[in-house]
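Residue strings, one per chain:
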Amino acid sequence: FARHGSRPRWRDAVHPSIASAPPSLNLRLAPHVSWLACFVRLTASPHGWLLPRCMQEGVAGSLGAITGGVLFATGWLLWIDGVASAHSLYGYSTGAAEWVPGVLQTLALLMVNVISWSAMTDGGFDDSLAKKVKAWVFLSFVFAFSGLIASIYIVVREVNFPSAFGSTGPATRGLLQNLLIFLGSLALRVGRLSDSDSD
C-alpha cells in the first residue's frame, strides 16, 4: 500500500468506485476491504513477477506459517484417524515402524525451520558456521526424504502383500501425512525466506 506517514492508505489499493464511496461507508469497509484489496490488486515485483502488494510487505511470512500449520495438522489428523479407524473397524493395530515416517518428517520440518538460511551463504563454504548450517540442512532433508521413501514403501508393501485385513488404510494415510507435512515444511520455509528478502 502507499503510505501516508506511518499508516497504510487503504484507499490507494482499492477500486476507485469503492474509494469514492461516502466517508461513513469507507470507515465501515476499511478494515475488511484493505485486506481484500491486498490479495486482489497486483503489482510488479523487482523480479518481474506479479505479486500481491501485501506479500511485498511482510504478509508472506504469516501466510506461510498459516499454510504450513494447517498442512502439518491435517497430516497428523489424517494419520491418527486412519490408525483409530483401522483399530475400531478391523481390529488392526499399527506397528511402531509405521509411525517412523511421520516422526522423521516432523523432525525434518522442525530442523529446516529453526535455522536462518542466510547463515548458509554468509562467509562461503569455508566458514565454520556455514559448514554447520549446510550439514544441518542436508541432514534435515535426509530425514524428510527418508520419511517419504519409507511411507511409499509401506504403501506398496501393504497393497501388494497386506499384513492384515484393514492394513492398507493406515498405510495410505501415512503417505498422505508425509506429503502434507513435507509441503507444510516448504510453505513455512518459503514464507520465512520471503520475509527475509523484504527486510
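### Brief notes about empty space enclosed by the protein
Summed over all chains, the structure comprises two cavities of 30 Å³ or more. Here the largest cavity defines a volume of roughly 50 Å³. What lines the largest cavity is simply Trp79, Glu98, Pro101, Gly102, Ser151, Ile154, Pro170, Ala171, Gly174, Leu175, Gln177 and Asn178. Elements represented by at least two residues in the lining of the largest cavity include exactly helix 4 (100-113), helix 6 (128-160) and helix 7 (168-198). With six residues, helix 7 is the single largest residue contributor to the lining of the largest cavity. Looking at the lining of the largest cavity residue by residue, the class counts come to six nonpolar, five polar and one charged. Here the second largest cavity is characterised by a volume of approximately 40 Å³. Residue lining of the second largest cavity: Gln105, Ala108, Val112, Ser140, Phe141, Ala144, Phe182, Ser185 and Leu186, and that is the complete set.

### Remarks on the side chain of Asn178
Topologically, Asn178 is positioned in helix 7. With a relative accessible area of 0%, Asn178 lands in the buried category. Polar side-chain contacts of Asn178 include one of 3.1 Å to the side chain of Gln105. Beyond its immediate chain neighbours, meaning those up to four positions away, Asn178 contacts Pro101, Gly102, Gln105, Gly147, Leu148 and Ser151.

### Details of the packing of aromatic side chains
For the coordinates displayed, the defined rule picks out five aromatic pairs. Residues Phe145 and Phe182 carry aromatic rings whose centres are separated by 5.6 Å and whose planes lie at 55 degrees to one another, so their mutual orientation is tilted. One end of the pair, Phe145, is in helix 6; the other, Phe182, is in helix 7, and 37 residues separate them in sequence. The partly exposed category is assigned to Phe145, whose relative accessible area is 42%. The class for Phe182 is buried, based on a relative accessible area of 16%. An aromatic cluster of three or more residues is present, and its members are Trp76, Trp79 and Trp99.

### Details of the confidence of the model for the protein
As a general rule, the predicted coordinates of low-pLDDT regions are not to be interpreted in detail. When pLDDT is averaged along the protein, the result is 75; 63% of the residues meet or exceed 70. At the low end of the mean pLDDT range in the protein sits strand 3 (residues 42-44), at 44; at the high end sits helix 4, at 94. Below pLDDT 50 for its whole length, residues 1-15 participates in 27 contacts with residues either more than four positions away or in separate chains. In this model residues 39-50 is a low-confidence stretch, pLDDT under 50, and it forms 21 contacts with partners more than four residues away in sequence or in other chains.

### Overview of the nonpolar core
Ranked by size, the top nonpolar core spans five residues in total: Trp76, Trp79, Val83, Leu109 and Ile181. The element best represented in this core is helix 3 (residues 59-90), accounting for three residues. Leave out the neighbours within four places in its chain, and Leu109 touches Phe72, Ile181, Gly184, Ser185 and Leu188.

### Observations concerning the pattern of salt bridges
Here the idea is simple: oppositely charged side chains can pair when their charged atoms come close. Taken as a whole and assessed by the stated rule, the structure comprises two salt bridges. With a closest N to O distance of 2.8 Å, Arg173 and Asp81 form a salt bridge. One end of the pair, Arg173, is in helix 7; the other, Asp81, is in helix 3, with 92 residues separating them in the sequence. Here Glu158 ties to Arg157 by a salt bridge, and the two come within 2.8 Å at their closest N and O atoms.

The rules behind the values
Residues numbered from 1 in each chain as written. Predicted model: local features only at pLDDT ≥ 70, side-chain atom pairs only at ≥ 80, totals over all residues. Heavy atoms only, no water. 1 Å grid on protein atoms, 1.4 Å probe; cavity = no way out; pocket = protein on both sides within 12 Å on 5 of 7 lines; lining within 4 Å. Points joined across faces, edges and corners; volume = space filled by probe spheres on them. Helix = DSSP H or I, 4+ residues; strand = E, 2+ residues; numbered from the N terminus. Nonpolar A, V, L, I, M, F, W, Y, C, P; charged D, E, K, R; others polar. Buried < 20%, exposed > 50% of the residue type's maximum accessible area, 1.4 Å probe, protein only. Polar contact = N/O pair within 3.5 Å; in protein donor to acceptor, adjacent residues only side chain to side chain. Contact = heavy atoms within 4.5 Å. Phe/Tyr/Trp six-rings, centres within 6.5 Å; stacked < 30°, edge-to-face > 60°. pLDDT = per-residue confidence, 0-100. Core = buried A, V, L, I, M, F, W, Y, C linked by side-chain atoms within 4.5 Å. Salt bridge = Lys/Arg side-chain N within 4 Å of Asp/Glu carboxyl O.

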